[in-house]
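# Remarks on the overall topology
This is what each chain is made of:
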Amino acid sequence: MKNTKKRNYSKGNYGHSKHYRNKRLIMALFILILIVSDVVFSIMVFHTRKTLFVIVACVLSIPFARNVIDVFMSLKAKPLSTEEYEKTVKLSKETEVQLLYDITVTESDGVVYIPCLTVYNNSIICYTPDEKEVKKREKIKKYISEVNDFSKTNYRIFVTEKYSTFSKELKKLHEPDKTTQKTDKKVTDNLLSMGF
């Protein structure tokens, strides 16, 4: 018998961005079919577009547009490769530090995507292997620093594109006390709420 264990695609889990994009795309297509069917039905039955059915189609265009925007926003997301993901899972077990995956932070001037990070003992350490440019990593750091203002904390934020540096930073972390664990949880929740 096959193992039919269902994968968890909630925020912070590996595969969230791809699952989110697919879900939004399916919703957009479903709503588009409803809109077109509604208008066609109105024209075929009443021989005019001036009916309540067309008003329903107009109202449905709002969630349609929202889903299309979400699809375009999530196209930028580049998750870790399977090989990199397996390396980070092994590192997480080795260091006993929980990692979050597929994190997005949205601001009025754009979206940043972080494939892997941890919020642990007053530190936020990010691994962004595709961001080779310093300016892009600084932008990620700036966006994440919003969580300090939001949570009224002063977390150290470190962003790297090198796995070896990410690994070293994780190994340097010490066991947090009870107070820090509560703050870490609050900061994690705030960070997850900042994106889709």
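Residues numbered from 1 in each chain as written. Predicted model: local features only at pLDDT ≥ 70, side-chain atom pairs only at ≥ 80, totals over all residues. Heavy atoms only, no water.

### Observations regarding the nonpolar core
Counting residues in hydrophobic clusters, the biggest one holds 20 residues, and the most contacted among them are Ile-114, Leu-117, Ile-124, Ile-144 and Leu-191. When residues of this core are traced back to their parent elements, those giving at least two are β1 (100–107), β2 (110–120), β3 (123–127), α4 (134–151), β4 (156–160) and α6 (178–193). For Ile-114, the residues in contact, after removing those within four places along its chain, are Asp-102, Ile-103, Val-105, Cys-126, Tyr-127, Thr-128, Ile-140 and Ile-144. Among the nonpolar cores identified, the runner-up in size contains 13 residues, and Leu-80, Val-97, Cys-116 and Ile-125 belong to it. (Core = buried A, V, L, I, M, F, W, Y, C linked by side-chain atoms within 4.5 Å. Buried < 20%, exposed > 50% of the residue type's maximum accessible area, 1.4 Å probe, protein only. Helix = DSSP H or I, 4+ residues; strand = E, 2+ residues; numbered from the N terminus. Contact = heavy atoms within 4.5 Å.)

### Remarks on the pairing of β4
Note: β3 against β4, 5 bridges, orientation parallel. When the bridges of β4 are listed, Ser-123 appears paired with Arg-156. (Pairing = 2+ DSSP bridges.)

### Let's talk about the sheet that holds β3
An order of β1-β2-β3-β4 is seen for the 4 strands of this open sheet, with the pairing classed as mixed. Single-partner strands in this sheet number two, and they are β1 and β4. Here the strands of the sheet are splayed against their neighbours by 35 degrees on average, with no regard to which way each runs. Sheet analysis places β2 next to β3, joined by 5 bridges and oriented antiparallel. Bridging from a neighbouring strand, Val-119 pairs with Ile-124 of β3. (Axes fitted to C-alpha atoms, helices over the stretch in contact; angles between N-to-C directions.)

### Describing unusual backbone geometry
Backbone geometry at Asp-102 places phi at a positive 55 degrees, although glycine is not the residue there. Along the chain, Asp-102 turns up in strand β1. The exposure class assigned to Asp-102 is buried, which follows from its relative accessible area of 2%. In this structure, Asn-122 is a non-glycine residue whose phi angle is positive, near 65 degrees. Along the chain, Asn-122 falls in the loop between β2 and β3.

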